[in-house]
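Topology and contacts: notes
Listed here are the chains, written in short residue letters.
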Amino acid sequence: MTRIFVPQPIPEFAASKLNKLGEVTTYPHVDRMIPEPELLEAVRDKHILFGIGEIPFNERVIDAAKELKFISVMHGTAKFIDFAAATRRNIPVAGQKSMTRKTAAEFTFALLMATAWRLPEADTFLREGRWQQNQSMAFMGSRLYGKTLGIVGMGQIGQLVARKAAACDMRIIYNKRTPLSPAEEFVLGSAEFRALDDLFVESDFIALTPALTKNTVGLVNERLISFMKPSAILINTSRGPVLDEVALEKALREKRIRGAGLDVYQTEVPEPNPGPIEGLKTLPNVVLTPHMGSAARETREEMALRVVQNIELFLAGKRPYNVFNPEIYGEAAITDERIG
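Rules behind the numbers
The written sequence of each chain sets the order in which its residues are numbered from 1. Under the rules for a predicted model, residues below a pLDDT of 70 receive no local features and side-chain atom pairs below 80 are neither given nor counted, while totals for whole chains, interfaces and linings still include all residues. The side-chain numbers reported here are obtained from all heavy atoms of the structure, hydrogens and water having been left aside. A pair of strands is treated as paired once DSSP finds two or more bridges between them. The helix and strand labels rest on DSSP assignments: H or I over at least four residues marks a helix, E over at least two residues marks a strand, and numbering proceeds from the N terminus. In what follows, residue pairs with any heavy atoms lying within 4.5 Å of each other are defined as contacts. Simply put, an axis is a line fit to the C-alpha atoms, just over the touching stretch for a helix, and the angle between two N-to-C directions goes from 0 to 180 degrees. Any Phe, Tyr or Trp ring, taking Trp's six-membered ring, that has another such ring centre within 6.5 Å forms a pair; planes under 30 degrees apart are called stacked, those over 60 apart edge-to-face, and the others tilted. Between buried and exposed lies partly exposed: a residue is buried under 20% and exposed over 50% of the maximum accessible area for its type, with that area taken using a 1.4 Å probe on protein chains only. Working rule: Lys NZ or Arg CZ, within 6 Å of ring centre, within 35 degrees of ring normal, means a charge sits over the ring. Angle categories: roughly parallel below 35 degrees, roughly antiparallel above 145, roughly perpendicular from 65 to 115, and oblique for all the rest. Crossings are classed by handedness, with left-handed meaning an anticlockwise turn of the near helix from the far one by less than a right angle and right-handed meaning a clockwise turn. Under the scheme applied here, ten amino acids are nonpolar (Ala, Val, Leu, Ile, Met, Phe, Trp, Tyr, Cys and Pro), four are charged (Asp, Glu, Lys and Arg), and all others, including Gly, are polar. All tallies of charge rest on Lys and Arg as positive and Asp and Glu as negative; His and the ends of each chain are not included. Any carboxyl oxygen of Asp or Glu within 4 Å of a side-chain nitrogen of Lys or Arg constitutes a salt bridge here.

**Remarks on the sheet that holds strand E10 (residues 233-236)**
- Across the sheet, which stays open at both edges, the seven strands sit in the order E8-E7-E6-E9-E10-E11-E12 with parallel pairing between neighbours. Two strands close off the open sheet at either side, each with one partner strand: strand E8 (192-193) and strand E12 (286-288).
- Pairing between strand E11 (residues 259-262) and E12: three bridges, direction parallel. Residue pairing in the sheet places Leu262 in a bridge with Leu288 of E12.
- The strands touched by helix H11 (residues 245-253) within the sheet are E10, E11 and E12, with E11 carrying the most contacts at an inclination of about 145°.

What follows is the structure, encoded as structure tokens:
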């Protein structure tokens with residue numbers, strides 16, 4: 001019987017389908033990652049590994065899985081998999097594309113609105129019994145309509161964010177390596193291209209959505225942040241290393257910008273002590289979430305089901321979808337400049 005290992009619980013419907021494909025072993029905890037010694041032991045006799053999140057299937061893990069035949073991953077880039085180690089053993093690694101973009105864009109806009117309207121702070125204020133009057137100056141938020149949203153990285157997620165902003169009567173400016181065509185800009189609410197410096201000067205809200213590459217590491221630094229309006233709000237749902245957290249904290253603490261909403265950080269799982277730098281945690285004008293931009297129940301279920309579907313295809317002797325190492329099948333290797 002095919003032996004399958006899953007390093008975290010997955011949605012119930014996907015789990016029930018997976019159980020029909022073989023003998024499934026699942027690490028049962030959702031509040032911690034499986035320690036590497038346990039992971040190495042768990043995979044030793046498994047034929048298939050179910051890759052999740054940032055749980056590293058590195059060379060040690062792949063080598064420990066002596067009977068491994070296939071890795072199916074619930075991720076779009078899966079940089080936590082050692083593709084070279086898998087390829088050396090002729091083990092295909094398959095993932096999924098385009099399954100989280102709409103959800104990530106929706107979450108980005110939700111984080112923008114929550115930060116603009118100070119919703120987490122207001123929730124705490126009410127729960128602590130501090131609400132004493134209406135229409136006071138206690139919670140002055142920032143409305144969206146009539147404001148300028150600057151989008152850094154106008155890829156598919158950025159364009160979906162732009163559509164939502166246009167529906168809220170926001171003006172949209174953007175920056176990307178290659179400007180969109182006039183027709184594409186018109187569809188996105190008459191979006192206008194800007195040089196990066198100009199975007200930071202003009203925007204009331206800035207949404208960071210670029211891929212993490214060598215060129216975008218540290219892209220948003222103290223110099224760029226210094227161009228922002230005192231009333232501006234910065235949102236980052238791309239990757240943590242795009243943004244200099246120390247520079248952001250300094251600007252927030254000195255009230256040189258109004259606020260920030262962050263879902264990604266320079267230090268994340270599986271690194272120790274994941275999350276923002278300590279200073280950001282103490283500021284009331286920052287909304288912080290634990291990298292949950294794809295954490296819609298429906299989206300996660302769709303992602304898990306695609307992993308199961310790829311396992312079904314592999315077991316049937318068919319090629320899975322979205323193979324990360326197509327050289328296994330005699331094709332050219334994928335070139336991807338993203339580093340996270």
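**Quick notes on the packing of aromatic side chains**
- On inspection of all chains with the given rule, the structure shows four aromatic pairs.
- Geometrically, the ring pair formed by Phe125 and Phe139 is edge-to-face, given 4.8 Å between the ring centres and 80° between the ring planes. Here Phe139 lies in the loop between helix H6 (119-127) and strand E6 (148-152) and Phe125 lies in helix H6, a separation of 14 residues in the sequence.
- Taking the relative accessible area as the measure of exposure, Phe125 reaches 16% and is therefore buried.
- The cationic tip of Arg319 hangs over the ring face of Tyr329; the distance from NZ or CZ to the ring centre is 4.8 Å.

**Topic: the side chain of Thr108**
- Structurally, Thr108 can be placed in helix H5 (residues 101-116).
- Looking at Thr108, the relative accessible area reads 1%, which means it is buried.
- Residues contacting Thr108, with those up to four places away along its chain left out, are Val161, Ala207, Ile235 and Thr237.

**Things to note about the packing of H5 against helix H7 (residues 156-167)**
- Between H5 and H7, whose axes approach to 8 Å, the crossing angle comes to 50°. Regarding the angle of H5 to H7, the classification is oblique. Handedness of the crossing formed by H5 with H7: right-handed. In contact with Arg101, Lys102, Ala104, Ala105, Glu106, Thr108 and Phe109 of H5, H7 contributes Gln156, Ile157, Leu160, Val161, Lys164 and Ala165.
- Classifying every residue of the contact of H5 with H7 by side-chain character gives seven nonpolar, two polar and four charged.

**Here we look at the side chain of Glu185**
- By secondary structure assignment, the location of Glu185 is in helix H8 (residues 182-187).
- Among buried Asp, Glu, Lys and Arg side chains, Glu185 stands out as unpaired, with Arg194 the closest opposite charge at 7.9 Å.
- Sequence-distant contacts of Glu185, that is, excluding residues within four places in its chain, are made with Tyr174, Leu180, Ser190, Ala191 and Phe193.

**Details of the environment of Pro92**
- Considering the arrangement of structural elements, one finds Pro92 in the loop between helix H4 (83-88) and strand E5 (93-94).
- Taking the C-alpha atoms as reference points, Pro92 and Asn325, separated by 233 residues in sequence, lie 6.3 Å from one another.

**Regarding the sheet that holds strand E2 (residues 23-26)**
- Here we have five strands laid out as an open sheet, ordered E2-E1-E3-E4-E5, and parallel in their pairing. In this open sheet, the two strands that pair with only one neighbour each are E2 and E5.
- Of the pairings in the sheet, the one linking strand E4 (residues 70-74) to E5 comprises two bridges and is parallel in character. Within E5, the position partnered with Ser72 by the bridge is Ala94.
- Lying on the sheet, helix H13 (residues 297-315) is in contact with strand E3 (48-52), E4 and E5; it crosses E4 at an angle near 165°.

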